[in-house]
Structure formats: structure tokens, C-alpha cells
Amino acid sequence: VQLQASGGGLVQTGGSLRLSCAASGSIFSINAMGWYRQAPGKQRDLVAAITSGGSTNYADSVKGRFTVSRDNAKNAVYLQMNSLKPEDTAVYSCYGNVNNFYGRGREYWGQGTQVTVSS
């Protein structure tokens, strides 16, 4: 199983970006999917998560600005980021709790994608 993230880049304060992450491989189903971020010198923190049923969870710092969504048919998760701030600058990584066809599940991670917000 592989997760491929895309959509990072450089944006000015107040701008928007949309991150995408698609899972591929031996996938029966995916439970929670979501995004973490890690800024230089800081720990990795949860940004947003979404269950297969559509329930969402957000870090307080992004509530009202970021929206997580998913397309179960495409095994994909998205993060729409609006009103970006310099403190949102970080490497964003997607993850998914994947179940294979043998009834086994584990967490997989995509490669990070850099988001830089200039002031």
C-alpha cells in the first residue's frame, strides 16, 4: 500500500491551498484518514482527520479555516486550507488506517509535502 500526497507549495498570507492524498495497492477498506504537520523544531501534530463515515476532527488552530474531505471510491483524502497564516508553514503528511483483504489493518503514511506561507 502506498499513499501519494500532492498539492503543497508557497502561498501568501490569506491564500489557499488544497492538498490531496491517494492510497493505492492491496486495499479492502480504509478507516480513518487524515493529515499531520510538522514545523521545523516542533513535534508532529494532527491537523485534521476523517472517518469512513465522514466524521471529522480538527486541531483547534485550524478550525474554521481548513476542511478535510475524502472520496472513498478513490481511496483519497483532501485538505482544503483557506486563510493561511505563516504559522501554518510545515511539512504536511497524510495517513490512512488501511485494512487489506486478509482482515489485517495498519497505518500507512504518505510522503510529506511542504506548505510555506509567506508574510
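Keep in mind that what you see is a predicted model, and the values were worked out from it rather than measured.

Undergrad: What should I look at first to understand the overall build of the protein chain in this one?
TA: Helix and strand counts for the protein chain stand at zero helices and eleven strands. Each helix and strand of the protein chain, placed in order from N terminus to C terminus, yields the pattern β-β-β-β-β-β-β-β-β-β-β. For 119 residues, the compact-globule estimate of 2.2 N^0.38 gives 14 Å, and the protein chain sits close to it at 14 Å. Based on the C-alpha atoms only, the size of the protein chain along its principal axes is roughly 50 × 25 × 20 Å. In the protein chain, which comprises 119 residues, the proportion classed as buried is 40%. Within the protein chain, contacts between residues at least 6 apart in sequence are counted, and of these 54% link residues at least 24 apart. Here the protein chain contributes 11 positively and 6 negatively charged side chains, and the mean placements of these two sets differ by 5 Å.

Undergrad: Even after reading the chapter, I still don't get a nonpolar patch on the surface, so can you show me in this structure?
TA: On the surface, a nonpolar cluster with roughly 460 Å² of combined accessible area is contributed by Phe 28, Phe 101 and Tyr 102. Mapping Tyr 102 onto the fold places it in the loop between β9 (90-99) and β10 (105-109). A relative accessible area of 71% means that Tyr 102 is categorised as exposed.

Undergrad: Would you explain the nonpolar core in this entry?
TA: Nonpolar side chains in soluble globular proteins generally cluster together in the buried interior. Among the nonpolar cores identified, the biggest contains 31 residues, and Trp 35, Leu 79, Met 81 and Tyr 92 are the most heavily contacted of them. Taken together, the elements giving at least two residues each to this core come down to β1 (2-6), β3 (17-24), β4 (29-38), β5 (45-50), β7 (66-71), β8 (76-81), β9 and β11 (113-118). Other than its neighbours up to four places away in sequence, Leu 79 contacts Leu 17, Arg 18, Leu 19, Trp 35, Val 47, Ala 48, Phe 66, Thr 67, Val 68 and Tyr 92.

Undergrad: I tried to follow the pattern of salt bridges on my own but got confused; where do I start?
TA: Pairing between side chains of opposite charge can happen when the charged atoms of each approach one another. A complete count under the given rule lists three salt bridges for this structure. The salt bridge partner of Asp 88 is Arg 37, with a shortest N-O separation of 2.9 Å. One end of the pair, Asp 88, is in the loop between β8 and β9; the other, Arg 37, is in strand β4, and 51 residues separate them in sequence. You'll find Asp 88 and Arg 37 in the same group, each marked buried. Via salt bridges that share partners, Arg 37, Arg 65 and Asp 88 belong to a single interconnected network.

Procedures and definitions
- Residues numbered from 1 in each chain as written.
- Predicted model: local features only at pLDDT ≥ 70, side-chain atom pairs only at ≥ 80, totals over all residues.
- Heavy atoms only, no water.
- Helix = DSSP H or I, 4+ residues; strand = E, 2+ residues; numbered from the N terminus.
- Rg over C-alpha atoms; globule rule 2.2 N^0.38 Å.
- Buried < 20%, exposed > 50% of the residue type's maximum accessible area, 1.4 Å probe, protein only.
- Contact = heavy atoms within 4.5 Å.
- Lys, Arg positive; Asp, Glu negative; His and termini not counted.
- Charge placed at Lys NZ, Arg CZ, Asp CG, Glu CD.
- Patch = residues over 30% accessible without salt bridge, like charges linked within 9 Å, V, L, I, M, F, W, Y side chains within 5 Å.
- Areas by Shrake-Rupley, 256 points an atom, 1.4 Å probe, with all protein chains shown as cover.
- Salt bridge = Lys/Arg side-chain N within 4 Å of Asp/Glu carboxyl O.
- Core = buried A, V, L, I, M, F, W, Y, C linked by side-chain atoms within 4.5 Å.

Everything listed is a geometric property; what it means functionally is a separate question.
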